[in-house]
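So the chains spell out like this:
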2 protein chains.
Amino acid sequence: MPEATARSSGSRQSAIQLAPMEVPKASDVLARELRERILSGEFAEGAALPPERELVVQTQMSRATIREALRILEVQGLVRIKTGRAGGAFVQRPNKDAVASSVSLLIRGRQIRLSALLETREAIEPYCAQLAALHRTAEDLDALDAANDAIADDGSPLAAFLQANVDWHVAVATASHNELLTGFMTALSQAIYTATENERFVDQEVRRLTVRAHRSITKAIRAQDPDAAVRRMNRHVHSYAAAVLKVDKRTEISVAGGA
Amino acid sequence: MPEATARSSGSRQSAIQLAPMEVPKASDVLARELRERILSGEFAEGAALPPERELVVQTQMSRATIREALRILEVQGLVRIKTGRAGGAFVQRPNKDAVASSVSLLIRGRQIRLSALLETREAIEPYCAQLAALHRTAEDLDALDAANDAIADDGSPLAAFLQANVDWHVAVATASHNELLTGFMTALSQAIYTATENERFVDQEVRRLTVRAHRSITKAIRAQDPDAAVRRMNRHVHSYAAAVLKVDKRTEISVAGGA
DNA sequence: CATTTGCTAATGGTCCGACCTAAGTCACCT
DNA sequence: AGGTGACTTAGGTCGGACCATTAGCAAATG
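- Under the annotation held in an unreviewed UniProt entry, chain A carries the name FCD domain-containing protein and is attributed to Streptomyces humicola.

**Overview of the overall build of chain A**
Here is step 1: A count of helical and extended segments in chain A gives 10 helices and two strands.
Here is step 2: N-terminal to C-terminal, the α/β element order of chain A is α-α-α-β-β-α-α-α-α-α-α-α.
Here is step 3: Carbon together with sulfur atoms contributes 52% to the accessible area of chain A, which is approximately 14300 Å² in total.

**Regarding the relation of the copies chain A and chain B**
Here is step 1: Screw-axis analysis of chain A against chain B gives a translation of 0.1 Å along the axis, an RMSD of 0.2 Å, and a rotation angle of 180°. Taken together, the rotation angle and the small translation identify this as a two-fold axis.

**A word on the protein's contact with DNA strand C**
Here is step 1: Contacts to DNA strand C come from 26 residues, most closely from R63 and R67 of chain A together with A26, T65 and R85 of chain B.
Here is step 2: The contact in question runs from a base nitrogen of DNA strand C to an N or O atom on the side chain of R63 of chain A, over 2.8 Å.
Here is step 3: Take A26 of chain B: an N or O atom from its main chain is 2.5 Å from a phosphate oxygen of DNA strand C.
Here is step 4: Those elements that provide at least two residues to the surface near DNA strand C are α2 (52-59), α3 (63-75) and β1 (79-82) of chain A together with α1 (26-39) and α3 (63-75) of chain B.
Here is step 5: Examining the composition of the surface near DNA strand C, we find that three residues originate from one element, α3 of chain A, more than from any other.
Here is step 6: The residue makeup of the surface near DNA strand C, split by class, is four nonpolar, 10 polar and 12 charged.

**Description of the confidence of the model for chain A**
Residue and element names in this part refer to chain A.
Here is step 1: Of the residues in chain A, 87% reach a pLDDT of 70 or more, and the chain-wide mean stands at 87.
Here is step 2: No element of chain A has a lower mean pLDDT than helix α10 (residues 226-258), which averages 79, and none a higher one than α3, which averages 97.
Here is step 3: Confidence drops under a pLDDT of 50 for residues 1-12, and excluding neighbours within four residues, the segment shows two contacts in the predicted structure.
Here is step 4: Under a pLDDT of 50 for its full length, residues 255-259 has, in the predicted model, zero contacts with residues more than four places off or in other chains.

**Description of the UniProt feature "domain: HTH gntR-type" (unreviewed entry) in chain A**
Here is step 1: Look at the UniProt record and you will see "domain: HTH gntR-type" (unreviewed entry) annotated at residues 24-94 of chain A.
Here is step 2: Summarising residues 24-94 of chain A: 49% helix, 11% strand, and an end-to-end C-alpha distance of 24 Å.

**A few points about the protein's contact with DNA strand D**
Here is step 1: Taken together, 24 residues are adjacent to DNA strand D, and A26, T65 and G84 of chain A together with R53 and R63 of chain B come closest.
Here is step 2: Sugar plus phosphate, as a fraction of atoms of DNA strand D within 4 Å of the protein: 63%.
Here is step 3: Interatomic distance of 3.4 Å between a side-chain N/O atom of R63 of chain A and a base nitrogen of DNA strand D.
Here is step 4: The separation between a phosphate oxygen of DNA strand D and a polar main-chain atom of E52 of chain B is 3.1 Å.
Here is step 5: Of all the secondary structure elements, the ones that give two or more residues to the surface near DNA strand D are α3 of chain A together with α2 (52-59), α3 and β1 (79-82) of chain B.
Here is step 6: Sort the elements by how many residues they give to the surface near DNA strand D and α3 of chain B lands first, with three residues.

**As for the state of the cysteines**
Here is step 1: On inspection of all chains with the given rule, the structure shows zero disulfides over all chains.
Here is step 2: C128 of chain B takes part in no disulfide bond, and the closest cysteine sulfur to it belongs to C128 of chain A, at a distance of 14 Å.

**Focus on the packing of helix α5 (residues 114-135) of chain A against helix α8 (residues 179-196) of chain A**
Residues and elements named next belong to chain A.
Here is step 1: Packing of α5 against α8 leaves a shortest axis separation of 10 Å and a crossing angle of 140°. By the angle between their axes, α5 is oblique relative to α8. Where α5 crosses over α8, the handedness of that crossing is left-handed. Contacts between α5 and α8 pair L114, L117, L118, T120, R121, I124, E125, Y127, C128 and L131 from the former with L181, F184, M185, L188, A191, I192 and A195 from the latter.
Here is step 2: Here the residues of the contact of α5 with α8 sort into 14 nonpolar, one polar and two charged.

**Thoughts on the nonpolar core**
Here is step 1: Among the nonpolar cores identified, the biggest contains 104 residues, and I124 of chain A together with I124 of chain B are the most heavily contacted of them.
Here is step 2: With near-sequence residues (within four places) excluded, I124 of chain B lies in contact with I124 and F184 of chain A together with L181, F184, M185 and L188 of chain B.

**Describing the interface of chain A and chain B**
Here is step 1: Each partner contributes to the interface: chain A provides 44 residues, whereas chain B provides 44 residues.
Here is step 2: Both sides of the chain A and chain B interface together cover about 4400 Å² of buried area, and 61% of this is carbon and sulfur.
Here is step 3: The largest contributions to the chain A side of the interface with chain B come from R71, R110 and L180 of chain A, which together make up 15% of the buried area.
Here is step 4: Between chain A and chain B we count 10 salt bridges in total.

**Some remarks on the pattern of salt bridges**
Here is step 1: Tallied over the entire structure, the rule returns 28 salt bridges over all chains.
Here is step 2: With its nearest N and O atoms 3.1 Å apart, the salt bridge here joins E42 of chain B to R37 of chain B.
Here is step 3: The partly exposed category is assigned to E42 of chain B, whose relative accessible area is 48%.
Here is step 4: You can call R37 of chain B partly exposed: its relative accessible area is 32%.
Here is step 5: Residue E125 of chain B pairs with R121 of chain B through a salt bridge whose shortest N-O separation is 3.7 Å. Note that E125 of chain B and R121 of chain B are positioned in helix α5 (residues 114-135) at a spacing of four residues, about one turn of the helix. When sorted by exposure, E125 of chain B lands in the same class as R121 of chain B, which is buried.
Here is step 6: Sharing partners across several salt bridges, the network here consists of K25 and E68 of chain A together with E52, R63, R67, R71 and E74 of chain B.

**Description of the packing of aromatic side chains**
Here is step 1: Applying the stated rule across the entire model yields one aromatic pair over all chains.
Here is step 2: Plain terms: the ring middles of F184 of chain A and F184 of chain B are 3.9 Å apart, the flat faces sit at 10° to each other, and that makes the pair stacked. One end of the pair, F184 of chain A, is in helix α8; the other, F184 of chain B, is in helix α8 (residues 179-196), on a second chain.
Here is step 3: For F184 of chain A, a relative accessible area of 0% translates into the label buried.

**Describing α3 of chain B**
Here is step 1: Taking 1.5 Å per residue as the helical rise, α3 of chain B with its 13 residues ought to reach 18 Å, and the 18 Å between its terminal C-alpha atoms agrees with that figure.
Here is step 2: Turning to α3 of chain B, its buried residues number three or more, namely T65, I66, E68, A69, L70, R71, I72 and L73 of chain B.
Here is step 3: Buried positions along α3 of chain B lie against α1 (26-39) and α3 of chain A together with α1, α2, β1 and β2 (88-91) of chain B.
Here is step 4: Following α3 of chain B by one or two positions, G77 of chain B adopts a phi angle in the positive range, close to 80°.

**Topic: the environment of V99 of chain B**
Here is step 1: In this fold, V99 of chain B is placed in helix α4 (residues 96-109).
Here is step 2: With 22 residues separating them along the chain, V99 of chain B and G77 of chain B place their C-alpha atoms 9.3 Å apart.
Here is step 3: The contact partners of V99 of chain B, leaving out residues within four places of it in the chain, are S102, V103 and L106 of chain A together with A187 of chain B.

The rules behind each value
The written sequence of each chain sets the order in which its residues are numbered from 1. A letter from A marks each chain and a number from 1 marks each ligand, given out in the order of writing. Reporting of local features is limited, given that this is a predicted model, to residues whose pLDDT is at least 70; pairs of side-chain atoms are given and counted only at 80 or more, and all residues count toward the totals for whole chains, interfaces and linings. Excluding hydrogens and water, the side-chain values take into account all heavy atoms of the structure. Labels follow the DSSP assignment, with helices taken as runs of H or I lasting at least four residues and strands as runs of E lasting at least two, numbered in each case from the N terminus. The Shrake-Rupley method, run with a 1.4 Å probe sphere, supplies the accessible areas, and residue values consider only the shown protein chains as cover. A least-squares fit on C-alpha atoms brings the copies together, and the residues used are those whose pLDDT is at least 70 in both copies. Consider each residue's heavy atoms; a residue with any of them within 4 Å of a molecule or strand counts as near. The definition of a polar contact used here is a pair of N or O atoms within 3.5 Å, where within protein one atom must be able to donate a hydrogen and the other to accept one, and adjacent residues in sequence count solely through side-chain atom pairs. Amino acid classes used here: Ala, Val, Leu, Ile, Met, Phe, Trp, Tyr, Cys and Pro are nonpolar; Asp, Glu, Lys and Arg are charged; the rest, including Gly, are polar. Predictor confidence is given residue by residue as pLDDT, running from a minimum of 0 to a maximum of 100. Any two residues whose heavy atoms approach within 4.5 Å are treated as being in contact. UniProt positions are given in the numbering used here, feature names are shortened, and annotations may be inferred rather than shown by experiment. Any two cysteine sulfur atoms within 2.5 Å of one another count as a disulfide. Geometry is summarised by axes, namely lines fitted to C-alpha atoms with helices restricted to the contacting stretch, and by angles between N-to-C directions that run from 0 to 180 degrees. The scheme is simple: roughly parallel for angles under 35 degrees, roughly antiparallel for over 145, roughly perpendicular for 65 to 115, oblique for anything else. For a crossing to be left-handed, the near helix must be turned anticlockwise from the far one by less than a right angle; the clockwise case is right-handed. Nonpolar cores were defined as sets of buried Ala, Val, Leu, Ile, Met, Phe, Trp, Tyr and Cys residues, with membership established by side-chain atoms within 4.5 Å. Categorising residues by exposure relies on relative accessible area from a 1.4 Å probe, with only protein chains included: less than 20% of the type maximum marks a residue as buried, more than 50% marks it as exposed, and the intermediate range marks it as partly exposed. By definition, the buried area sums, over both parts, the 1.4 Å-probe accessible area that each loses when the two are put together. Salt bridges are counted wherever a side-chain nitrogen of Lys or Arg sits within 4 Å of a carboxyl oxygen of Asp or Glu. Only rings of Phe, Tyr and Trp enter the pairing, Trp through its six-membered ring, and a pair is recorded when the two centres are within 6.5 Å. The plane angle decides the type: under 30 degrees is stacked, over 60 is edge-to-face, the rest tilted. What a helix is expected to span follows from its residue count: subtract one and scale by 1.5 Å.

Rendered as structure tokens:
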């Protein structure tokens, strides 16, 4: 790759020199302005932004430009747009779903392997369990029990098991009362869910072991025993990862062998 | 909040029942379609999507609709749009910047406290160091050394120190060769940077200690000693967090006292 | 009176067509 | 040869029109 080293493109040099200038797009300018006002708290959550046509007269921009700006904010999770009378753009604080979706795109786009997802979970979740043991409330414990009861339901289909499994893990993260950690774990759990959906290794035995491990971890969290919580969670996610990867590898081999 | 419990709004019940139907927006449909094709690999990275006017004739949608769809993909980091002749929408795989920006919005929007950020780093980074010790390459070591040398430069301003600090931590994550973990750490480091920018506790002593800790951790990573890496990193981020929070708390008190 | 139905207004969604701006290409002129 | 400017192709912006959805109110209806 030959890098251009010249300071000008080879023509005569005038005495006057100007730096390259940035010309931002109008919709970006408006989006940035609105975003700053939202994040600064100037617009309260749930407040309605002016209607598009009103923004047109206020900003002197065209409606297309304004709509693009609103679309940007919508994708970023900063506003929610409702149609119809009394509709409009309503201010929203970004939530973990926005993070989850962008993480999901990263995973799909860069084809991050299941092993990397499980590895990441092994990094994060034991610490979540530790914090959960320290900060859990009664409601957190209820959520944990509810999710685990749903997992214990033998008759439920695979999808229900996996969803309940996700719910339990997210409940652990929620009990940590660290919103950022919760956001990461939500995104991660969802991704592991979809990646595991086609795995065939989830049988009654796996379910039984899962429920037992969850119960044990929940017990430590209830007892506010951070050491036990981190230790048991570590063991749980590690053994789960090992089990998944064993099946995963076997599948790869059988696929490769069958071709 | 009185929740509506009725299944219909109180009128006569016809025998025929219909579920609420979703009517997606045209731009969302197009965005979804293009997104799937990009993620499935049908469009290679760097490939140019058809020009807007060409998409108009292909999809029978208006240009405004198509532009909104492209704007969605742009915000999600799936395409990059260039103006001028030979411009257009070029396919891009989402990178960690997209995750970092959405995490940044989450942090600002939900006013996540610095203590939570540091807590999250304590969860993630020791594991990163462990993986780095296992998987680091020679290039990774070079990056670590370069970043730490930049930190050691006593004469540099605060911003340079903080940036070099971020670079080093990101380099550790990169050395783990887990793209998801790297994405998380990039987002997190950037956020901690901005949150720490105004802290006044970074003096020469802090710099000296930081450099020393980094050197020690780098040494463990170089020696491929995961246990030492995780232990030292744990200690480093923990003591850094304690130091920051001490100043943070003092600042809060002095502000409260002065008011 | 209660319910249903229909009308009206407000607001986002879509479309069309025009023009502006940015940036390669290339022929022409010096 | 080298610069200059017209041409061309792309996105960016604009204005206006009309459609679709929904809330609220009014009229019809039993």
